[in-house]
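Listed below are the residues making up each chain.
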Amino acid sequence: MLPSSLLKAAQGKPMMVELKNGESFNGHLIDCDAFMNITLREVYQTAADSDRFWKLKEVYIRGSTIKYLQVQPALLDAVKEEQQKAREANRGSSGGQRGGRGGGRGGGPARGGRVMTRGNRGRGRG
Amino acid sequence: MSFFGFETSVPRDDKDSKQAYAEEDIAVYTWGDASYDALGSALEETGDDLNDETFGGGPVGKDFDFSGATNAALTNQPNVQPSKPYQSDLAPKTQQNTSSTNDLWKNVDPSSAFSKQVPTEHITNPVHQTSAAQRTAPSVFAQINPSVNPQADYNITNLSSATAALSLDGHNEARPRTMAEIEAEMHAALREQQQQQLISQQRERERMQIEQQLLMQQQQRMMEEEQLRMEMEKRRLYEQQALQDPLWAIRQAMMQENGMSVQGPSDLRPSLSANVSPMTQNRHPMSQIPHQPHPPHNHGAGNQQALVNELLLHHQRQQMLEQQGHPRPNYDISIESQDAMAADARRRMQEAEMMEARHRRRMAKIQSMARYNDIMTQSDKDFITRVQVAQLVTSDPYADDFYAQVYASIRQQRIASENQVLKGAPRQGGQRGPHRRENAIQRMQAHVERIVSHMKSREQSKEASSHNPGLQNVLGKTSGRSYKAAPRQLLQVATASPDSRAHHPVKEHDSVKSLDSHVHHGDLPPPFSPTEGLMIIERLFNNILEIEQLRRNKPLAEDEARMSTWKQSLDELLDTIWQGLRVVGPLYETNPHPFIALIAPMKGKRFIGRLGRDLTDEQKLMTLGVIVNRIEQLDVIRGAAILDSVEDSPARRMFERQAGAFQENVINQGLHLSPSARTLKTYTALIELMIENLSTFSRVVITRPGLTLLEHFFAEASLLKHGLQGPEGEHIAAPAEDVAKWSNLYDRVFEHLLPLWNIMFPSTRILAAFPPNSLEAVQVSVVTDGFDLHVWRFLAGFALEGTLEQHSRLVTQLRAKVMGTLRMAQALEEGKAKARKIRNVDLFLNALGLSSTQILEATPQIPI
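Numbering of residues starts from 1 in each chain and follows the order in which that chain's sequence is written. All chains are assigned letters beginning at A, and all ligands numbers beginning at 1, according to the order in which they are written. Selection of residues for local features in this predicted model requires a pLDDT of at least 70, selection of side-chain atom pairs for listing and counting requires 80 or more, and totals for whole chains, interfaces and linings are taken over all residues. The side-chain figures draw on all heavy atoms in the structure; neither hydrogens nor water molecules are used.

Asks: An account of the overall build of chain A is needed here, citing residue identities and associated values.
Replies: For chain A, the helix and strand inventory stands at three helices and five strands. Traced from its N-terminal end to its C-terminal end, chain A shows the element sequence α-β-β-β-β-β-α-α. Exposure categories follow from relative accessible area, calculated using a 1.4 Å probe and restricted to protein chains: below 20% of the type maximum is buried, above 50% is exposed, and the middle band is partly exposed. Here chain A holds 126 residues, and the buried ones make up 40% of them. What makes two residues a contact is simply this: any of their non-hydrogen atoms within 4.5 Å. In chain A, 40% of the contacts between residues at least 6 apart in sequence involve partners at least 24 apart. Accessible surface, chain A as shown: approximately 7,000 Å² in total, 52% of it carbon and sulfur. Secondary structure elements are defined from DSSP: runs of H or I of at least 4 residues count as helices, runs of E of at least 2 residues count as strands, and each element is numbered from the N terminus. Exposure was quantified through the Shrake-Rupley algorithm and a 1.4 Å probe, taking into account, for residues, occlusion by the shown protein chains and nothing else.

Asks: I'd love a proper account of the nonpolar core, names of residues and values included.
Replies: What makes a nonpolar core is a set of buried Ala, Val, Leu, Ile, Met, Phe, Trp, Tyr and Cys residues whose side-chain atoms join them at distances within 4.5 Å. Counting residues in hydrophobic clusters, the biggest one holds 93 residues, and the most contacted among them are L581, I627, L753, W757 and F844 of chain B. Apart from residues no more than four positions distant in its own chain, I627 of chain B is found in contact with F595, I596, I599, L634, F662, V666, I667 and L671 of chain B. One finds M1, F25, I66 and V79 of chain A within the second-largest nonpolar core, a separate group that totals 20 residues.

Asks: Lay out the packing of helix α31 (residues 804-827) of chain B against helix α32 (residues 832-848) of chain B with the relevant residues and their values.
Replies: All names here are of chain B. For helices, the axis comes from a line fit to the C-alpha atoms of the stretch in contact; other axes are also lines fit to C-alpha atoms, and the angle between any two N-to-C directions lies between 0 and 180 degrees. Contact geometry for α31 and α32: axes closest at 10 Å, N-to-C directions at 165°. Put simply, α31 runs roughly antiparallel to α32. Two packed elements cross with a definite hand, and for α31 against α32 that hand is left-handed. Only K834, K837, I838, V841, F844, L845, A847 and L848 of α32 make contact with α31, whose side of the interface consists of H807, L810, V811, L814, V818, T821, L822, M824, A825 and Q826. Any residue outside Ala, Val, Leu, Ile, Met, Phe, Trp, Tyr, Cys, Pro, Asp, Glu, Lys and Arg is labelled polar, Gly included; the first ten of those are nonpolar and the last four are charged. When grouped by side-chain class, the residues that make up the contact of α31 with α32 number 13 nonpolar, three polar and two charged. Convention used here: angles under 35 degrees read as roughly parallel, angles over 145 as roughly antiparallel, angles from 65 to 115 as roughly perpendicular, and any remaining angle as oblique. Two helices that cross are described as forming a left-handed crossing if the nearer one is turned anticlockwise from the farther one by less than a right angle, and a right-handed crossing if clockwise.

Asks: Go over the UniProt feature "coiled-coil region" (unreviewed entry) in chain B with me, naming the residues and quoting the values.
Replies: UniProt positions are given in the numbering used here, feature names are shortened, and annotations may be inferred rather than shown by experiment. When the UniProt feature table is mapped to this numbering, "coiled-coil region" (unreviewed entry) covers residues 191-236 and 335-362 of chain B. As a span, residues 335-362 of chain B carries 100% helix and 0% strand, and end to end its C-alpha atoms are 40 Å apart.

Asks: Give me the lowdown on the pattern of salt bridges, citing residues and values where you can.
Replies: Residues and elements named next belong to chain B. We count a salt bridge whenever a side-chain nitrogen from Lys or Arg sits within 4 Å of a carboxyl oxygen from Asp or Glu. Tallied over the entire structure, the rule returns 29 salt bridges over all chains. Note that E632 is salt-bridged to R699, the shortest N-O span being 2.6 Å. Note that E632 is positioned in the loop between α21 (617-629) and α22 (635-638) and R699 in helix α25 (residues 694-702), a separation of 67 residues in sequence. The salt bridge partner of R652 is E656, with a shortest N-O separation of 3.0 Å.

Asks: Which residues make up a nonpolar patch on the surface, and what are the values?
Replies: Residues and elements named next belong to chain B. Exposure above 30% relative accessible area and the absence of a salt bridge qualify a residue for a patch, where like charges join within 9 Å and nonpolar side chains (Val, Leu, Ile, Met, Phe, Trp, Tyr) within 5 Å. A cluster of nonpolar residues, M363, I366 and M369, forms a patch on the protein surface that exposes about 310 Å² of accessible area. With respect to the helices and strands, the residue M369 is situated in helix α11 (residues 335-369). When its relative accessible area of 62% is taken as the criterion, M369 is described as exposed.

Asks: Please provide a residue-by-residue account of the pairing of strand β4 (residues 53-61) of chain A, values included.
Replies: All names here are of chain A. Alignment of strand β3 (residues 38-46) against β4, held across eight bridges, turns out to be antiparallel. Pairing of Y44 across the sheet is with K55, part of β4. Hairpin geometry of β3 and β4 is characterised by an intervening segment of six residues between the two adjacent antiparallel strands and by a positive phi of about 60° at S50. Here the rule is simple: two strands pair whenever DSSP picks up at least two bridges between them.

Asks: Would you mind going over the packing of helix α27 (residues 736-753) of chain B against helix α30 (residues 775-800) of chain B in detail, with residue names and values included?
Replies: Residue and element names in this part refer to chain B. Axis separation between α27 and α30 bottoms out at 11 Å; the angle between their running directions is 140°. In this view, α27 runs oblique relative to α30, as classed from their interaxial angle. Judged by the sense of rotation from one axis to the other, the crossing of α27 with α30 is left-handed. On α30, the residues that touch Y746, V749, F750 and L753 of α27 are F794, F798 and A799.

Asks: Go over the packing of aromatic side chains with me, naming the residues and quoting the values.
Replies: Residues and elements named next belong to chain B. Stacked, tilted and edge-to-face pairs are distinguished by plane angle, under 30 degrees for stacked and over 60 for edge-to-face with tilted covering the rest, among Phe, Tyr and Trp rings (Trp via its six-membered ring) whose centres lie within 6.5 Å. Under the criterion given, the structure shown has 16 aromatic pairs over all chains. Residues F714 and W742 carry aromatic rings whose centres are separated by 5.0 Å and whose planes lie at 45° to one another, so their mutual orientation is tilted. Here the residue F714 occupies a position in helix α26 (residues 704-722), and W742 occupies one in helix α27, the gap between them amounting to 28 residues. We note that F714, like W742, is buried. Taking the centre distance of 6.2 Å and the plane angle of 40° together, the rings of W792 and F844 count as tilted. Remark: F844 occurs in helix α32 and W792 occurs in helix α30; sequence separation between them is 52 residues. Classification of F844 as buried rests on a relative accessible area of 1%. Taken together, F714, W742, Y746, F750, W757, F794 and F798 form an aromatic cluster joined through their ring pairs. Geometry around F541 places K603 over its ring, the cationic atom sitting 5.4 Å from the centre. In this scheme, the term charge over a ring applies when either NZ of a lysine or CZ of an arginine sits within 6 Å of the ring centre and within 35 degrees of the ring normal.

Asks: Can you explain a negative patch on the surface? Please cite residues and give values.
Replies: All names here are of chain B. Together, E45, D48, D49 and E204 give the surface a local cluster of negative charge. Note on placement: E45 falls in the loop between α1 (14-17) and α2 (51-55). Residue class for E45 comes out partly exposed when judged on its relative accessible area of 37%. When charges are counted, neither His nor the chain ends are considered; positive counts come from Lys and Arg and negative counts from Asp and Glu. Here the site of a charge means NZ on Lys, CZ on Arg, CG on Asp, or CD on Glu.

Dropping the structure here:
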């Protein structure tokens, strides 16, 4: 699954975001978009020097400033599971097709429909 | 207590006694009771700490029932079966065993400590110790009585049996007794037991000591035997037996002499314990071999002990080897090497264990780290990579680079200024290099751009088709390259559409696309590349074909409506062609003129030829004007130097063809003026145009095509000047003023041409390279005569129009040439060459009213 799909899947989950300037934000993800702009709620912001902290109710972070995001392992487990299931389903449905289809695009929960298939199409030939 | 075969329980009834005594309770002895006479404290009770551990408390198995085995052996019971090492049912033997143990206890025969070797296969299993003991039992007695000894393979590793025998202190032949008898005896013995236990314990100790002694003796014997074997190098068992049998008595004597004297019992113990442990190990023969002898135990006189220990181990190893299937002990392997091998094996095993542990730890660590791997598949990663690369790739990397732009412009200015400074007039190929490079770069950029856009469009198409997820791949997976008609192109050539070029003439002017170097002369770039030119010609050909088709379908004159449409379409086509010819247009100033560029290819020339009846006179005149105006841009003019080459080459031939096509198709056919336009005025104007730029004219006139063109105009003009013949035969004279103009023009041309005549002759130019009047020159001149023809011809025609005075001047100018030619003709033999030369000269001379024959006759040998 693609990173953007994973981010979509993490909506509502707590995560840690570190920016390029070293500040970090811990909070629950409200929403995200294609540019990785995100909004978080109940956020604890930490300064780059880790000496000051703020608590903010809502925060909007521009995607281009993000260095990385850290999600909970539980989410990754869930994602892996879904991938597996999708792979099984894919394998079952498209048994005759060659492996190039590469099942396991599953990733991403319910909203995945379009996202997943877009990925599928894009990599149809593997 | 059953260890010693004692009935440990209170004697019961007969029927109860039939049971295995192992199930009966152990009798309770009140050693520590008050009734006890405290003699126990006087006992030398040491080494009993581990008795329980050693002997155990619970039900006792038959595993170590050495007494039973010995008993059976003593009584020679049928349970002793040499062929069956595994005796499962040992119960019946127990009685016999126990009965015999008493005898065993009674009779201690050190000599019976000889442990004869037994087939070692039986030692593999502790269960079989009993049988082994049984087996050895006969051999035990056989030692005493050598004749009874059935086999005597000298594997003395059967120490367990020996131990058993020793523990039993051996025994003479004794009848196995029933349990009842034993019990009876026990009853009697019990009364005395308490008093006798002390003694028995002492006896035990004695036994132990004797046992140890015997063991030691045995070890010594083993060692000696080992030495003997190694000395004698015997392989056969029977041989060894035969040898050793007679030695037994000797050894016995030796042992008894050495046994007691060597060491005290205190030394025996630790050494024995060291040896016992190997022996216990022996009971588990498949267990680890490596139990080195304890060097610390070997003090002083312990060297022998050490050797014995080593021997013990060695024998154990051999035993194990044999157990593993070796037929005989391999006495060739030295003890040291075997030790080394054992150590090696041990080390390897340890290493293997360590490596395994390390490996397991590493795998666990990796697994813990890699729990969340493969959430992104490889194709996901490729997708992202592709997108990122597509973002990076741009058609023009310098488009948004300010410094690159500035640098490029500065360089451009510098080069342009250099060109202007260095190459003033000709300016040929000034920007060839950088143009080519830039073109190559641009083409590569366009190529990459095409790839990127193709990929993007594919992505978008996938996007679009993904809107209906239910119908995806309904027809199976159709994506992939294999279905496409053509295989993947390794190199994609840009398909430049000429239409786009035609519609963007200004853009053509700005963009530098042509690589055709020979078109580039001067500062301005050509309007279009040769390829584009050809495309234009093709389109024009389409038009002309349409016109011809249209002409064939010309409707009847009566059909007004269709006629008008027909006319209309015809006019449109003609107009298209005229526009397409680009005789006049916004690119007027380019170099070369677009029309000139168009007629450069052969096809262009041929095309013009087909236009003969489609162009209006006005158009034709305009075209002629363009040709004359830009005559130096004509390919046939520019490349005319090749005609001076004597060598025949494909390029020369091609050029000949081009020149011919130019004259024929372009001038004669295509731009053939209709009679109405063919006026003296026209040609006068044209010739005037030609001599407008004198330097250009000089250069042009030297070339054959240029001269031919001039000749053409001149011929037409002179014809017109002399007057045409009308349809009724009247003389149509040219207008007077035109004639006057013509005369003026003629004079001017005459003046211009006068100095040029000599170099106009290609032969003159060519033969200048050779030494004059040499043989080579003559030979070459034969070829160049053909080149001269057009000049002679024009000269003749030109001269005709001249006045006498002009004639004389011509003669003066051409005297050398004429004479030279005639001279060469004289030098030649009669033949075509000579005739041609004379003919050429006559062309001119006849125009003047002279003849070559006159000269030739006058001067038989023309002087140089």
